[in-house]
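# What the coordinates show
Below, each chain spelled out in residue letters.
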Amino acid sequence: MPHEFTSGVMMNGKAAWHGLGEVVEGTLPAREAFERAGALFPVGLLKVCAVDDINGQYIHMDDRRAIWRPDTKDILGMASDHYKPIQNETLLRFAEAIREEVDMDTVIVLRNGAKVAFTAKLRGSKHEVVPGDVVHRNIVGYLGHDGKTSFGGMFTDIRVVCQNTLGFAQSDANRHGKQFTIRHSANDVAQIDRVLSNIDMARQSFVEVVDEYREMQEHKMSFDLYRHWLAQVYEQPGKKGLPIESQPRKWEQLKHAWEWQIGKNIPGVADTVYAGLNAVTEVESSSLTKGAGRRRIHSALFGNGANVIKKARLTALELCRN
């Protein structure tokens, strides 16, 4: 399944979009959350050999190692012989290091343990764009055992409950410089304690984001204005001035999002520039929650989809300030 969810715990009474995992009321201490999510399993390395079926020989691959879970015998990934496993206890230490600043929200295990991640809400970062539309600044910590994913942390508005949301959060944090990563090598692993002791709780940047949302919410947007604004957002090279209807498939998606977007029933959201931005964001990131193919997911995270969302935000602010 595209969300790659294996196990997890969802706190504060809020289930994940995929409906999987244990849901509990309120928050939990980090260690209890990790234990209930099954996220404190050990990880080790195995020597690798290839089998020559023709000659019946084993060929040792001295430059490769298999990453595995001794408790379940699952092979999680492949790595070079320089790879140094980072245990899940280190990710737990990250969560515990910030316990005075956050409330735990989710802990998840993906693809049988190939990745582990947590989401924690930064205290004092709760804001309402309009009454009932609550947003938080989250801190997400993650650790990979697939031979590709590092150990890291980031600030994001996204609640990580699956592979799709983790990927989207990483992409967003990379674009805004709000992420640290540590590779599975001796040199980088030696820096973990220094990094964890110097985590900066950056609340102010999130306040600025919320202020932008509020500014958009205060400006009305009719359907006709929405349509004209979309023509600018989705303007194609060499085709300036064409109406959004010239892209019929996208136009149908955007019309539907304007009418039925998530959160539209919250008083003060409908028929505003904020609603317009929400509609574009919903359309461009919908592949993350509808099991679309790798090409569309890549677009939403790193390619044209991400660029459209950024352009929509900037042009929405211009619309409000002109």
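Here's a quick rundown of the structure.

Conventions adopted
- Residues numbered from 1 in each chain as written.
- Predicted model: local features only at pLDDT ≥ 70, side-chain atom pairs only at ≥ 80, totals over all residues.
- Heavy atoms only, no water.
- Axes fitted to C-alpha atoms, helices over the stretch in contact; angles between N-to-C directions.
- Helix = DSSP H or I, 4+ residues; strand = E, 2+ residues; numbered from the N terminus.
- Parallel < 35°, antiparallel > 145°, perpendicular 65-115°, else oblique.
- Left-handed = near helix turned anticlockwise from the far one by under 90°.
- Contact = heavy atoms within 4.5 Å.
- Nonpolar A, V, L, I, M, F, W, Y, C, P; charged D, E, K, R; others polar.
- Pairing = 2+ DSSP bridges.
- Polar contact = N/O pair within 3.5 Å; in protein donor to acceptor, adjacent residues only side chain to side chain.

### Overview of the packing of helix α7 (residues 223-233) against helix α8 (residues 248-260)
- Where α7 contacts α8, the axes come no closer than 12 Å and their chain directions differ by 140 degrees. By the angle class used here, α7 and α8 are oblique. Here α7 and α8 pass one another in a crossing that is right-handed. Facing F223, Y226, R227 and L230 of α7, the residues of α8 in contact are W251, L254, K255 and W258.
- Residue composition of the contact of α7 with α8, by class: 6 nonpolar, no polar and 2 charged.

### Section: the sheet that holds strand β2 (residues 22-23)
- Strand order in the open sheet formed by 7 strands is β2-β1-β6-β7-β10-β11-β12, with mixed pairing between adjacent strands. Strands with a single pairing partner mark the edges of an open sheet, and in this sheet they are β2 and β12 (179-182).
- Inspection of the sheet shows strand β1 (residues 5-10) paired to β2 by 2 bridges, in the parallel sense. Bridge pairing links V9 to E22 in β2.
- On the sheet, helix α1 (residues 30-37) packs against β1, β2, β6 (102-110) and β7 (115-122) and is oriented at approximately 20 degrees with respect to β6.
- Contacting β6, β7, β10 (138-144), β11 (151-156) and β12, helix α2 (residues 88-97) crosses the sheet at an angle of about 170 degrees to β10.

### Digging into the side chain of H18
- In this fold, H18 is placed in the loop between β1 and β2.
- Among the polar contacts listed, one links the side chain of H18 to the backbone nitrogen of L20, at a separation of 3.1 Å.
- A distance of 2.8 Å separates the side chain of H18 from the backbone oxygen of V161, its partner in a polar contact.
- Once residues within four sequence positions are removed from consideration, H18 is found in contact with H3, F5, M10, V161 and C162.

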